[in-house]
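# Inside the fold
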Amino acid sequence: MTQQTDPIVVTGMGAVSPLGVGVGVNWQRLLAGRSGVVRNTRFDVSAYGAQIAGLVPSRADDSEGFDPLAAVDGKDVKKMDLFIQYGMVAAQEAIAQANWFPTSDADREATATIIGTGVGGSPVMAEAAKTILERGPRRLSPFTVPSFLPNLAAGWISIRYGYKGPIGAPVTACAASAQAIGDGMRLILTGEAEVAIVGGAEGSIDPISVGGFGAARALATAFNDDPAAASRPFDAKRDGFVLAEGAAVLVIERLSHALARGATPLAILAGYGTSADAYHLTSGEPSGAGAQVAMRNALKMANVSPGEIDYINAHSTSTAVGDAAEIAGISAVFANRGKDLAISSTKSATGHLMGAAGALESVFGIETIRTGMVPATLNLEMPDVGEQFDLVPKVAKAKTVRHVLSNSFGFGGVNASLVFSAFLPA
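Anyway, here's the lowdown on the structure attached to this text. (Residues numbered from 1 in each chain as written. Predicted model: local features only at pLDDT ≥ 70, side-chain atom pairs only at ≥ 80, totals over all residues. Heavy atoms only, no water.)

### Observations regarding the packing of helix H11 (residues 289-302) against helix H12 (residues 320-333)
- Where H11 meets H12, the closest approach of the two axes is 9 Å, and the angle between their N-to-C directions is 45°. Considered as vectors, H11 and H12 are oriented oblique to each other. Where H11 crosses over H12, the handedness of that crossing is right-handed. Between H11 and H12, the contacting residues are Gln292, Met295, Arg296 and Leu299 on the first element and Gly329, Ile330, Ala332 and Val333 on the second. (Axes fitted to C-alpha atoms, helices over the stretch in contact; angles between N-to-C directions. Helix = DSSP H or I, 4+ residues; strand = E, 2+ residues; numbered from the N terminus. Parallel < 35°, antiparallel > 145°, perpendicular 65-115°, else oblique. Left-handed = near helix turned anticlockwise from the far one by under 90°. Contact = heavy atoms within 4.5 Å.)

As structure tokens, then:
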């Protein structure tokens, strides 16, 4: 059967972000206009230009915060860098909601695990380099390498739940988790898997990442004394993106498979498109040409016209060049659309989760469909791009939403777009 007659549906979702742990908590705080951007207390930032970050709150500081022991045995925590721990907690929530705990070899072999990341375990790598310099290589843990390898979030999830199907880890910068969702979708469409655990994880608030992005002059530095105001997509006062961390995981499967086992479809994963700019290492093509290809391919696969998209969760990270290029691409694909097209960037609340951003924003897109509430673009005071559209400034709004487009773009010129649609039971 085709994607139209037996679509792929989402049956489980999990989220860990600077807004907290759990999809419900994230969504409630997002709609309330909360920001997860705070002073970076992860390490001494006195020598750094950017002294803020989107940090996942700990359970000690927030009753809805992060505790790795919620999903990881105590003896295993030290074997995992943060991105793996975040991925495990997000996966546990998604898998529990989907109730997918296969016991037969056939079902286990039909379950794929695709979890992307932009960087992997850079905190462990930074600490390992320090250990070698200060105490010598013999003091390294034997788990150093397994704790930072990018594919180990997928590996740990697969091992814990016994999923023996295809396994993968796109490492395509900030498009990684969107591509992971698309890869899982393709595996189901080709018949290589019946269920896919897909998403992304990132935990790179560390001296290497903050210093490196800072050296590239990519990070916001003008709002160190007012962290919540720092992430400003589409706004003239922006001065860079806010580095953030977290994870999001979806469970996807054919509708027929979901219904046969009594699972509840949350939304339809209707379309996926991906492309390359072939333009520049870090900047998108100014007209958004590559992004246009990804968006059009996602719409084509979904059999949805540009006029049917009600909301776009933009990739826009709060950089002048990136915001302008994405709006240029959207303007070309969605020509003649005006204020009836809502576009917002939830990175204004979470900061930029890099490789996990696309999966978290997919969760937010699905919740937009399910609740009829469009999340706001926080800190939007003086828009300098996209004013022809409804950029949902500052306050979330009610809107009937049938189809959502979610964009993710990354260094190297990678573009990925996903279309999610409302599931309407017959």
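### Points about helix H9 (residues 207-215)
- Listing the buried residues of H9 in full gives Ser209, Val210 and Phe213. Mapping the buried residues of H9 onto a view down its axis gives an arc of 95°, with all of them on the same face.
- Next to the buried residues of H9 lie helix H5 (122-135).
- The positive-phi residue at the C-terminal boundary of H9 is Arg217, with phi of around 60°. (Buried < 20%, exposed > 50% of the residue type's maximum accessible area, 1.4 Å probe, protein only. Arc of directions from axis to C-beta.)

### Observations regarding the pattern of salt bridges
- The full count for this structure, using the stated rule, is 14 salt bridges.
- We note a salt bridge from Arg261 to Glu253, for which the minimum N-O separation is 2.7 Å.
- Judged by relative accessible area, Arg261 falls into the partly exposed class, the value being 25%.
- Assessed through its relative accessible area of 0%, Glu253 is described here as buried.
- The shortest N-O distance in the salt bridge between Lys347 and Glu361 comes to 2.9 Å. Here Lys347, found in helix H13 (residues 347-350), pairs with Glu361, found in helix H14 (residues 357-371); they are 14 residues apart in sequence, far enough to count as distant.
- Lys347 gets classed as buried once you look at its relative accessible area, which sits at 0%.
- Shared partners join several salt bridges into a network, and the residues in it are Arg232, Asp235, Lys237 and Glu381. (Salt bridge = Lys/Arg side-chain N within 4 Å of Asp/Glu carboxyl O.)

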